[in-house]
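Spelled out, the chains give:
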Amino acid sequence: MKQHQPKKHPTRRAYASALKTIRVQLQTIESQSDTILRQNQFMVMMRMKDRRPARPRKPEVPWGLPNEWVN
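This structure is a prediction, so every number in the text was calculated from the model and none was measured. (Residues numbered from 1 in each chain as written. Predicted model: local features only at pLDDT ≥ 70, side-chain atom pairs only at ≥ 80, totals over all residues. Heavy atoms only, no water.)

All right, on to the overall build of the protein then. Counting its regular elements, the protein contains one helix and zero strands. Looking at the protein as a whole, 1% of its 71 residues are labelled buried. Surface exposure of the protein reaches about 8,500 Å², of which carbon and sulfur atoms provide 57%. (Helix = DSSP H or I, 4+ residues; strand = E, 2+ residues; numbered from the N terminus. Buried < 20%, exposed > 50% of the residue type's maximum accessible area, 1.4 Å probe, protein only. Areas by Shrake-Rupley, 256 points an atom, 1.4 Å probe, with all protein chains shown as cover.)

Here you go:
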């Protein structure tokens, strides 16, 4: 039968190291978020710039087009 060994708790240094890693990861995520936001704003701006004005509709002739006339 195995003897029960007490659990070892992480040291203060291990907690500090983990916290530092989490902070660096958070900064990386925030930086990526800012980059994505800027790229999104740029794409929206380019789409608005590339939009072409709507084509004017051709006026409808009430009597039809000449090639539709029947002789």
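Judged by side-chain polarity, Phe42, Met43 and Met45 come together as a nonpolar surface patch covering roughly 310 Å² of accessible area. Topologically, methionine 45 is positioned in helix α1 (residues 12-50). (Patch = residues over 30% accessible without salt bridge, like charges linked within 9 Å, V, L, I, M, F, W, Y side chains within 5 Å. Salt bridge = Lys/Arg side-chain N within 4 Å of Asp/Glu carboxyl O.)

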